[in-house]
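Spelled out, the chains give:
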Amino acid sequence: MENYKRLLRYLRPYRYRVALSVVLMFVVTLSAIPMPLFQKQALDVAIPKRDVGMLWSIFFGVIALTGVRGLVSYALNYLIGWLGQRVVFDLRFQSYRHLQRLSLAYYDGRQPGKIMARLTGDIDVIQYALTQGFVYLITDVATLVIVILWLLYLNWKLALLVTVILPLYVLNYKLLLSRIRVVSVELRERWEKMISTLTEKIGAIAVVKAFAHENYETEQFMETVAANFRLGMQQTQLNRFLGATSQLIRMLGTGGLLWYGGALVLQRQMTPGELLAFYSYIGYLYDPAVRVVDFNVQLQWANAAIERVFETLDTRPEIIDAPEAVYLPTVRGEVEFRHVTFGYDPAQPALHDISFHVNPGEIIAIVGPSGAGKTTVVNLLARFYDVQQGAVLIDGHDVKNVRLESMRRHIGLVSQETILFSVTLRENIRYGRKEATDEEVIAAAQAADLHSFILELPDGYDTKIGEDGIKLSGGQKQRMSIARAILADPRILILDDATSALDSHTESNIQASLSELMKNRTNFVIAHRLSTIMNADRILVMNEGRIVDFGAHSDLMARPGIYRDLYTEQFKTVGDLTEEDKARLLVAVGAG
Ligand SMILES: Nc1ncnc2c1ncn2[C@@H]1O[C@H](COP(=O)(O)OP(=O)(O)OP(=O)(O)O)[C@@H](O)[C@H]1O
Ligand SMILES: [Mg+2]
């Protein structure tokens, strides 16, 4: 029940419209009452009396009543439609805003398709439950009470006889609906699965093709679609069966009414007009009866969707500003890790007791084999995750006590995987700093050695990336991402394998601008190339989540350790190799 109360809160801002729609509903409900009376009047009074004038009035009465009823119904449906769409709007907007705030850890263990299903299908179910469910419940109950009382008043014996049919009708519905729902739940789950499969597999189509798994994937998908087909057919069949049986029961009601009511008319206890009116009134009862009895089931049905949506909304973002968090207008760029232990899964630390101190303006290379924890270190520096033990400090402030937004503005990250959006090249670069001018964007592209390439494109900077635009190579993407970082102009710059996809020619082209970029900043460079590493002031050597050495190239070479071993074994023994070859070797070392 808590869930529904909370859901109803979404209607609160629009309570006047809700109130208005309730009023309109009563009008619609009540306007149903006179219609059968017109029938009765025509049959019992106007026709026996051969009163054409009265028939005309009845005719106009019916037209007027229908007209009013139509107008009010239109207004009502418009209102309910508006309320439903508005709640969808609010829920979607709120969920999306919340999803933006949630920490990376929330996304680590979740399929994007499942999250998408919540924002689409689930919210639609909620809309339905809220408007059709709650709002119609009021009219339905009103209709039932008013019409049944009215029937009892008209002829209680006949009323009792026919209303006996109602429970039968409702029971049949309930039995069949519960079976239909089982199928629907399964259908929904399949649907959610289908969406996540589609997002994942279409997104990774290159992998599928690289391993020539097209047929395999098609067959896998075939199973999902086949299950959807089977369940869909089951649902259709059950629905048809439900339609047929309820029709049968209603006919039973009509038959009983004609049989008993006809006898009453013969005994002159009832007029033919009353019988006809009775017949019409009974018709008003079936649908509302089913909906009222089914209401709680409908809510249960929506409950699963409501819970999923609220689960997202209730997930607290783990990385949030502490109440006393300070705002950092400027940052010098001093970085310290103090006994940091961290694991994406706390039970399995990826970093063990890491401590190091970096002065403002230093260039730090982080080296180590794959999985050593290099990216994890920079993830913590940018506070994408919170440490389990110890502290990460920027300018002496624990990052947990700094306003996130003020801190991230000073940190520029060129990450290992470049993500570009399906917008123009200009907008992609400008993502680094939204308010940058066109000239600044071009300057950044020039520094990243992209300008001449972009100018050669027919649409230049307005060329779109993605679906209806160009595809970029790995190296071009990396340069886009470097251009973004240049534009962002951060105090602390993190380059995570930022030049791995560049050929040595391009790299040396942008080396100058990279060195320029690194000036007056604190830089963390995760790299495998010897040239980049040797440019660094100090080198942080990592292995299996620990720091195994930290110092300048010459210091590290002066003492025995992993770094010297790697260096001497891999480079000195093959004395007269070119820098480029050495770099390739170092890549091999890194990969090992
Ligand atoms: N999002 C994540 N969730 C759970 N575990 C993760 C996540 N990212 C990394 N890990 C684990 O943490 C460890 C360190 O990973 P990290 O990405 O820091 O390595 P790396 O040194 O950057 O390697 P590479 O050179 O391949 O990029 C690895 O064992 C990895 O499996
Ligand atoms: Mg990495």
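Residues numbered from 1 in each chain as written. Chains lettered and ligands numbered in written order. Predicted model: local features only at pLDDT ≥ 70, side-chain atom pairs only at ≥ 80, totals over all residues. Heavy atoms only, no water.

(A) The overall build of the protein chain, seen in detail. The secondary structure content of the protein chain amounts to 22 helices and ten strands. Taking 25 Å as the expected radius of gyration for a compact globule of 592 residues, we find that the protein chain reaches 36 Å, considerably beyond that expectation. C-alpha extents for the protein chain along the principal axes are approximately 120 × 50 × 50 Å. Within the protein chain, buried positions represent 45% of all 592 residues. Considering only contacts within the protein chain whose residues lie at least 6 apart along the sequence, 77% involve residues at least 24 apart. Of the roughly 31100 Å² of accessible surface on the protein chain, 59% is carried by carbon and sulfur atoms. Between the centroid of the 61 positive side chains of the protein chain and the centroid of its 62 negative side chains there is a distance of 11 Å. (Helix = DSSP H or I, 4+ residues; strand = E, 2+ residues; numbered from the N terminus. Rg over C-alpha atoms; globule rule 2.2 N^0.38 Å. Buried < 20%, exposed > 50% of the residue type's maximum accessible area, 1.4 Å probe, protein only. Contact = heavy atoms within 4.5 Å. Areas by Shrake-Rupley, 256 points an atom, 1.4 Å probe, with all protein chains shown as cover. Lys, Arg positive; Asp, Glu negative; His and termini not counted. Charge placed at Lys NZ, Arg CZ, Asp CG, Glu CD.)

(B) Up close: the site of ligand 1. Taken together, 13 residues lie around ligand 1, and S370, K374, T375, T376 and Q416 are the ones closest in. The contact in question runs from an oxygen atom of ligand 1 to an N or O atom on the backbone of A372, over 3.2 Å. Contacts to ligand 1 include T375, whose side-chain N or O atom sits 2.6 Å from an oxygen atom. About the coverage of ligand 1: the protein hides 61% of its 630 Å² of free accessible area. Grouping the amino acids of the shell around ligand 1 by side-chain chemistry returns five nonpolar, six polar and two charged. (Near = heavy atom within 4 Å. Polar contact = N/O pair within 3.5 Å; in protein donor to acceptor, adjacent residues only side chain to side chain. Nonpolar A, V, L, I, M, F, W, Y, C, P; charged D, E, K, R; others polar.)

(C) How the structure looks around unusual backbone geometry. Despite not being glycine, H339 has its phi angle at roughly 45 degrees, a positive value. Checked against the element boundaries, H339 lands in strand β1 (residues 335-342). Positive phi, close to 55 degrees, is recorded for D395, a residue that is not glycine. If you trace the backbone, D395 turns up in the loop between β4 (389-394) and β5 (397-398). Residue D395 is classed as buried on the basis of its relative accessible area, which comes to 14%.

(D) Main features of the coordination of the magnesium ion (ligand 2). The magnesium ion (ligand 2) binds to the protein through T375 (OG1) and Q416 (OE1); the donor distances cover 1.9 to 2.4 Å. One end of the pair, T375, is in helix α12 (residues 374-381); the other, Q416, is in the loop between β6 (411-414) and α14 (425-430), and 41 residues separate them in sequence. The exposure class assigned to Q416 is partly exposed, which follows from its relative accessible area of 43%. (Donors = N, O, S within 2.8 Å, 3.2 Å for Na, K, Ca; no water.)

(E) Inspection of the sheet that holds strand β7 (residues 492-496) at higher detail. Pairing in this open sheet of six strands is mixed, and the strands run β6-β7-β8-β3-β9-β10 from one edge to the other. In the strand order of this sheet, the two ends are held by β6 and β10 (546-551), each with one partner. Strand after strand, the sheet turns through a mean of 15 degrees between neighbouring axes, direction not considered. Note that β6 and β7 share four bridges and pair parallel. Each residue of the ladder has a partner; that of G412, found in β7, is L493. (Pairing = 2+ DSSP bridges. Axes fitted to C-alpha atoms, helices over the stretch in contact; angles between N-to-C directions.)

(F) Structural context of a nonpolar patch on the surface. Residues V141, V145, L149, L152, W156 and L160 make up a contiguous nonpolar surface patch of roughly 550 Å² in combined accessible area. Those elements giving two or more residues to the nonpolar patch turn out to be α6 (112-154) and α7 (156-163). Among the elements that take part in the nonpolar patch, α6 stands out by supplying four residues, more than any other. Within the secondary structure layout, V141 lies in helix α6. For V141, a relative accessible area of 36% gives the class partly exposed. (Patch = residues over 30% accessible without salt bridge, like charges linked within 9 Å, V, L, I, M, F, W, Y side chains within 5 Å. Salt bridge = Lys/Arg side-chain N within 4 Å of Asp/Glu carboxyl O.)

(G) Quick look at the pairing of strand β8 (residues 522-526). Burial analysis of β8 places five of its five residues in the buried class, the great majority of the element. Here β8 shows no split at all, with T522, F524 and I526 on one side and N523 and V525 on the other all buried. Sheet analysis places strand β3 (residues 363-367) next to β8, joined by four bridges and oriented parallel. When the sheet's bridge partners are listed, A365 is paired in β8 with V525. Pairing of β7 with β8 involves five bridges; the strand directions are parallel. Bridge pairing in β8 places L493 opposite N523.

(H) Geometry of the environment of I510. Here I510 is to be found in helix α18 (residues 504-518). Note on I510: relative accessible area 1%, which makes it buried. Not counting chain neighbours up to four residues away, the residues in contact with I510 comprise A447, A448, D449, R479, I482 and L502.

(I) Representation of the domain arrangement of the protein chain in the model. One can read the domain layout of the protein chain as domain 1 (2-314) and domain 2 (335-419 + 490-506 + 513-591). Just the C-alpha atoms count here: the centres of domain 1 and domain 2 sit 60 Å apart. (Domains from an automatic or database assignment.)

(J) How the structure looks around the environment of Y74. Structurally, Y74 can be placed in helix α4 (residues 52-101). In sequence terms Y74 and L24 are 50 residues apart; their C-alpha atoms lie 9.9 Å from each other.

(K) Quick peek at the side chain of S21. Along the chain, S21 falls in helix α2 (residues 15-30). Side-chain polar atoms of S21 contact the backbone oxygen of V18, separated by 2.7 Å. In this structure, S21 is in contact with L76, L79, I80 and L83, ignoring residues within four places of it in sequence.

(L) Spotlight on the packing of helix α15 (residues 438-447) against helix α17 (residues 474-488). At a minimum axis separation of 8 Å, α15 and α17 run at an interaxial angle of 130 degrees. Classified by the angle their axes make, α15 and α17 are oblique. The handedness of the crossing between α15 and α17 is right-handed. Between α15, through E440, V441, A444, A445 and A447, and α17, the contact on the second element is made entirely by A483, I486 and L487. Counted by class, the contact of α15 with α17 contains seven nonpolar, no polar and one charged residues. (Parallel < 35°, antiparallel > 145°, perpendicular 65-115°, else oblique. Left-handed = near helix turned anticlockwise from the far one by under 90°.)

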